[in-house]
Amino acid sequence: MVYENDRPHHRRRYVLLATVLAGAAGGVVAQNDRDPQALEAVQAVAPVPAAIAKAVTAPVESAAARRARLEAEKLAAAERLVQAEVRRGAFPGAALAAGRGAHMELLRGIGNAEWGKYEVDAERTIYDIASLTKVVATTTAVMLLVEDGRMDVDAPVSRYLPEFSGGKKDQVTIRHLLTHTSGLPAGAGASGTPAEALRQLIRTPLATDPGERMVYSDVGFVVLWAAAERAAGQDLQGLLQSRVYGPLGMVSTRFNPGGEACDRCSPSYKTDAGKPVRGKVHDPTARKLGGVSGNAGLFSTAADLARFAAMLASGGELEGQRIFAEETIRRFTAKQPNADNRALGWETPKASGGSSGSQVSRKAFGHTGFTGTSLWVDPENGTWTVLLANRTFDPHASNRIQALRRAVNDRVAEAAELADAGGGMLAD
């Protein structure tokens, strides 16, 4: 990832290439643009001048290593799509990141964390990423454990979690949990302390036979987290920090980031009295589990998730830090039989486009979060996008988040296509 060390504590900061380009284009994506535009109509932006000051990069690439990356006008169009939704009142603000392989091409905060307050800083504003937890935390932990030989996706869950057993539960495998085909229901009630709530969720009876059909299940990922923790023999938060978040420099990614003390957190909901809630998970199941759960509860920034996505798009390695073997990524992101559009933990594109859009390849993989978050990677052309919003902050706002995700991902895919055709090469 291209970055510069410009902070006193030497945190890696990305060179925001698309920000430079947009600024040179005369502010075509200025946040004070009040001209209302429909989501589908925002397709074109002003041309970027040919002479643009170079961004400082480290390490410096050779000319031979430079590849056509992402065409700037399409990236600006993706940004304007998000701005149009903010102006429309869909959510107070958002953070958007996009790139190709290890290279960040766009990182931008748009709007505010709350209505009229706290401008979004894509590098510092922390979002409740909701069900992105399923892939950035739970699935990631399982991938590590499979590589380590401590977990087998075709082993019964009861091998790791003996209390998940009895009847047809004995037939449920880790693969079933990853593909939402375990037979567990979408949700279930739980009460008491977090430990008591977890025991109740693990005892949830199956609603259908294992493998019979795909039902997106938060309960399944709660069980998966518990099973993976037993297999790891340690707290999964520690495993993820030492093996993934730390090595990648994901300094703002964590569970329970601090409640009201988290002044960098974008609130994802309000109390009944209308008070914004910061740093506490929106998902009710994760809340009952103390904020640490396999289905939701992780908080992060667009900058952190950009590093995670860039690692995946680069075959499991970023800046010399090997997180996964390439084969592990291919294995977990391949569409599974009899599981709708599900891979192992991840989603794959739907025929209708789903959240991925219609322009990505069939090899693309990603996930979404209820609060307004998404992450998609297309290994065929190396592109990736991260979109973080707090659409649940105002539950009465009009919801077009799925259409926005599709449109943004389509613009990034088109940016790669145009770059490969010769329109997006960076100047030497």
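Here the structure is shown first, and the text comes after it.
### What about the overall build of the protein chain?
Okay, so step 1: Regarding its fold elements, the protein chain presents 12 helices and 15 strands.
Okay, so step 2: Here the protein chain holds 428 residues, and the buried ones make up 57% of them.
Okay, so step 3: Per element, the accessible surface of the protein chain, about 16700 Å² overall, is 50% carbon and sulfur.

### Details of the sheet that holds strand S3 (residues 93–100)
Okay, so step 1: Spatially, the six strands line up as an open sheet ordered S5-S4-S3-S15-S14-S13, and their pairing is antiparallel. The open sheet has two edge strands with one neighbour each: strand S5 (117–119) and strand S13 (365–369). With direction set aside, neighbouring strand axes in the sheet form an average angle of 5°.
Okay, so step 2: Here two bridges tie strand S4 (residues 103–114) to S5, and the two strands are oriented antiparallel to one another. Paired with Glu114 across the strands is Lys117, a residue of S5.
Okay, so step 3: Against the sheet, helix H10 (residues 302–313) contacts S3, S4, S13, strand S14 (373–378) and strand S15 (383–389), and its axis sits at roughly 155° relative to S15.

### Regarding the pairing of S15
Looking along a regular strand, one sees the side chains alternate between the two faces of the sheet.
Okay, so step 1: For S15, a buried count of seven out of seven residues is recorded, marking the element as mostly surrounded by other parts of the structure.
Okay, so step 2: Where burial is concerned, the two faces of S15 agree: the one with Thr383, Thr385, Leu387 and Ala389 and the one with Trp384, Val386 and Leu388 are both buried.
Okay, so step 3: Judged from the seven bridges that link them, S3 and S15 form a sheet pairing that is antiparallel. Paired with Ala94 across the bridge in S15 is Ala389.
Okay, so step 4: Sheet topology places S14 next to S15; five bridges connect them, and they run antiparallel. Within S15, the position partnered with Asp378 by the bridge is Thr383.
Okay, so step 5: As consecutive antiparallel partners, S14 and S15 are separated by four residues, and within that stretch Gly382 has a phi angle of approximately 80°, a positive value.

### Here's the deal with the nonpolar core
Okay, so step 1: One finds Val136, Met151, Phe308 and Trp384 to be the most contacted residues of the largest nonpolar core, which totals 79 residues.
Okay, so step 2: With 11 residues, helix H7 (residues 218–232) is the single largest residue contributor to this core.

### Thoughts on the pattern of salt bridges
Okay, so step 1: For the structure on display, the rule yields 18 salt bridges.
Okay, so step 2: As a salt-bridge pair, Arg411 and Glu414 come within 2.9 Å of each other at their nearest N and O atoms. On the criterion of helical spacing, the pair formed by Arg411 and Glu414 is a turn pair, its members being three residues apart in helix H12 (residues 401–423).
Okay, so step 3: For Arg411, a relative accessible area of 7% corresponds to the buried category.
Okay, so step 4: Linked through salt bridges whose partners overlap, the residues forming this network are Lys74, Arg411 and Glu414.

Conventions adopted
Within each chain, residues carry numbers counting from 1 in the order of the written sequence. Totals for whole chains, interfaces and linings use every residue, but because this is a predicted model, local features are given only for residues with pLDDT of at least 70 and side-chain atom pairs only at 80 or more, for both listing and counting. By convention in this description, side-chain values take in all heavy atoms of the structure and omit both hydrogens and water. Numbered from the N terminus, helices here are DSSP runs of H or I no shorter than four residues, and strands are runs of E no shorter than two. Only protein chains enter the accessibility calculation, which uses a 1.4 Å probe; a residue is then buried when its area is under 20% of its type maximum, exposed when over 50%, and partly exposed in between. All accessible-area figures derive from a Shrake-Rupley calculation using a 1.4 Å probe, and residue coverage is judged against the displayed protein chains alone. Here the rule is simple: two strands pair whenever DSSP picks up at least two bridges between them. All axes here are fitted lines through C-alpha atoms, helices being fitted over the stretch that makes contact, and every angle between N-to-C directions spans 0 to 180 degrees. Two residues qualify as a contact provided that any one of their heavy atoms is within 4.5 Å of a heavy atom in the partner residue. In plain words, nonpolar cores are sets of buried Ala, Val, Leu, Ile, Met, Phe, Trp, Tyr and Cys residues tied together by side-chain atoms within 4.5 Å. Note on definitions: salt bridges are taken to be side-chain nitrogens of Lys or Arg within 4 Å of carboxyl oxygens of Asp or Glu.

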